[in-house]
Amino acid sequence: MVRHTLAGLLVATVPLVGQVATPAGGTPCTSLGALTIPTVTIKSASLVAAGPFTPPNRPGAEETTISLPAHCRVEATARPTSDSEIRFEVWIPPADAWNGKFEGVGNGGYAGAIAYAALAAGLRRGYAVASTDTGHTGDDMKFGQGHPEKIIDWAYRAIHVTTEAAKLIVRDAQGRFADHAYFVGCSTGGHQALSEAQRYPEDYDGIIAGDPAHNRIRQTFGFLSSWIATHGADGKAIIPHAKLPVITKAVVDACDAIDGLKDGIIDDPRRCHFDPSKLACKSVDDPGCLTPPQVEAARKMYDGTKSPRTGELIYSGWPRGSEGFGETAIQGWGQYVMNPAEPMRVDFFRHFLFHDPNWDYRTIDWDRDLAYAEQKLSFMNAVERDLTPFKKRGGKLLMYTGWADPVVPPMDTIAYYDAVVKAMGGLEKTREFNRFFLAPGMGHCREGTGPNQFDMLAALEQWVEKGVAPDRVIASHATGGKVDRTRPLCPYPLVARHKGMGSIDDAANFACVAAPPPALPAKSTTSAMR
Ligand SMILES: [Ca+2]
């Protein structure tokens with residue numbers, strides 16, 4: 001892999017006639033377009049006054065009008081290959097509002113859009129921030145058909161070239177490089193975060209990888225097998241959406257107390273072996289019970305994807321407690337497995353792997369096609385476990401994930417962290433630069449019955465800038481905007497335990513303690529991490 005360095009990209013600033021130096025010695029915002037960076041075209045650089053900002057994303061995107069502080073907005077495009085079209089934006093606070101730092105923000109799904117809400121969050125904290133659309137427009141995967149370079153841009157290159165160019169743009173605007181660079185992402189953003197730590201360890205001093213979808217190829221195989229296992233020949237979901245919360249309630253009733261505290265939260269679903277047959281209908285189907293096919297479909301969701309030939313685990317199943325814990329489709333198995341009319345991300349096979357838009361997912365060969373995908377598209381993963389270069393350069397990595405994540409199974413993230421620990425010489429040597437926080441009862445990146453709001457970036461800043469490693473991160477749960485519970489998130493493998501006195505809704509009454517490892521279920525097979 002070609003590794004570009006900042007030194008290799010340096011920078012010719014075209015002298016501007018009559019340029020007025022800003023107090024900090026930087027280039028005025030509206031002159032930033034004169035900066036020359038190889039393969040990068042700066043489309044515009046403009047001062048944006050404080051006030052409402054409506055992101056120019058496609059209609060229906062999650063962002064609506066947001067309120068922003070004053071900043072310099074730079075829109076640019078990077079073309080590291082002749083087929084690349086990587087749009088990105090850099091938002092730079094005025095010198096007196098700048099915290100001296102740079103933040104790259106991650107995307108969701110297959111991206112195809114600049115993450116304006118994440119840009120806004122960073123800017124409000126005083127960061128100079130950057131985000132990219134990862135080189136294409138829209139969440140669907142047809143962009144990859146016949147465009148292998150665009151798949152690479154999406155997989156890892158867009159984040160890297162955006163990072164390097166954005167650092168130079170910030171340097172030009174402020175008259176100096178940022179003191180520290182951070183990357184913050186969840187889901188695909190978590191994948192991007194781990195990819196940066198693995199592939200480009202010089203890019204960031206501190207990295208936050210939330211609910212990382214970095215074992216991407218196997219996750220895609222997991223979506224496919226889960227969909228097939230939970231849909232009838234008519235393409236309809238076997239378990240009706242209304243029954244998913246019924247399963248979660250039964251799971252929590254059965255397993256809540258295993259951790260020693262009846263608080264509505266399963267602390268570690270690996271200790272919960274609830275079998276859906278407990279909900280089997282006595283005679284007729286009704287909304288509170290499961291028919292035999294529904295029992296079987298739920299079991300397969302927990303069991304994960306296995307090779308029909310060898311029984312080897314290809315990808316972890318989804319955790320007990322993730323079935324349906326809230327109203328929206330992402331708060332349960334709806335959005336990624338049950339609701340789609342065909343398997344989620346099936347276009348990976350059609351447009352990225354086989355280049356056959358008519359590929360029939362029922363022809364999948366789990367062993368042969370997985371081996372082919374991991375050989376042909378290995379760059380779509382970010383599963384390197386040896387993080388020595390990142391550790392050596394002083395990098396700090398915070399990982400987190402929700403224990404009720406219905407999109408990225410936490411067991412797969414644990415398998416990765418365990419693999420890193422092994423490769424890096426043990427837990428203590430890993431904890432020096434990489435800590436992993438599991439949030440009980442949290443869904444995919446946010447929400448859930450457990451405390452799910454926390455400030456990982458503040459913890460990371462303390463670690464990078466003050467050398468104070470996080471021994472716990474306080475998380476809160478809110479109902480209707482009002483905080484009703486706080487808890488510490490503990491660095492894996494520690495768990496939060498009530499001290500035996502005081503409110504169970506107050507983090508002060510919990511300690512991070514070692515817990516015996518959960519007994520593995522009898523039919524557990526080898527880890528998906530190679
Ligand atoms: Ca509990």
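The structure under discussion appears in the preceding block.
Residue positions are counted from 1 within each chain, in the order its sequence is given. Totals for whole chains, interfaces and linings use every residue, but because this is a predicted model, local features are given only for residues with pLDDT of at least 70 and side-chain atom pairs only at 80 or more, for both listing and counting. Only hydrogens and water are set aside; all other atoms, that is, all heavy atoms of the structure, feed into the side-chain values.

A. The arrangement of the packing of aromatic side chains in detail. Pairing of aromatic rings covers Phe, Tyr and the six-membered ring of Trp, with a centre-to-centre limit of 6.5 Å; geometry is then stacked below 30 degrees between planes, edge-to-face above 60, and tilted otherwise. Overall, the coordinates contain 26 aromatic pairs when judged by the stated rule. Judged by centre distance (5.7 Å) and plane angle (65°), the ring pair of Y302 and W333 falls under edge-to-face. Separated by 31 residues along the polypeptide, Y302 in helix α6 (residues 292-303) and W333 in the loop between β13 (313-315) and α7 (334-338) bring together distant segments of the chain. Accessibility classification places Y302 together with W333 in one group, the buried group. With 5.3 Å between their ring centres and 40° between their planes, F354 and W359 make a pair best called tilted. Taken together, the ring pairs connect Y110, F143, W154, F221, F348, F349, F352, F354, W359, W366 and Y372 into an aromatic cluster. We call a charge positioned above a ring when the Lys NZ or Arg CZ atom is no farther than 6 Å from the ring centre and deviates by at most 35 degrees from the ring normal. Against the face of Y110 rests R216, its NZ or CZ located 5.1 Å from the ring centre. Secondary structure follows DSSP: runs of H or I at least 4 residues long count as helices, runs of E at least 2 residues long count as strands, and numbering of each begins at the N terminus. Residue exposure (1.4 Å probe, protein chains only): buried if accessible area is under 20% of the type maximum, exposed if over 50%, otherwise partly exposed.

B. Structural context of the sheet that holds strand β10 (residues 180-186). One open sheet holds the nine strands; their spatial order is β3-β6-β7-β9-β8-β10-β11-β14-β15, and the pairing between them is mixed. Two strands bound the open sheet, and with one partner strand each, they are β3 (40-48) and β15 (434-439). Sheet twist, expressed as the mean angle between neighbouring strand axes with direction ignored, is 15°. In this description, strands pair whenever DSSP reports at least two bridges between them. Strand direction decides the pairing type here: strand β7 (residues 86-92) and strand β9 (residues 128-132), joined by four bridges, are antiparallel. Note on β9: the bridge partner recorded for W91 is V129. Throughout, a contact is declared for two residues whenever any of their heavy atoms are within 4.5 Å. In this description, a line fitted to the C-alpha atoms serves as the axis of each element, helices being fitted only across the stretch in contact, and the angle between N-to-C directions of two axes falls anywhere from 0 to 180 degrees. Sheet strands touched by helix α1 (residues 116-124): β6 (71-78), β7, β8 (101-105) and β9. Its angle to β7, the strand with the most contacts, is close to 25°.

C. Helix α9 (residues 366-376), seen in detail. For α9, the complete set of buried residues consists of W366, D369, L370, A373 and E374. Each buried residue of α9 lies within a common arc of 130° when the element is viewed along its axis, so the set occupies one face. Across α9 from its buried face, at more than 90 degrees, point the exposed residues R368 and Q375. Where α9 is buried, its residues contact α4 (216-229), β12 (305-306), β13 and α8 (347-353). Here the arc refers to the set of directions running from the helix axis out to each C-beta atom.

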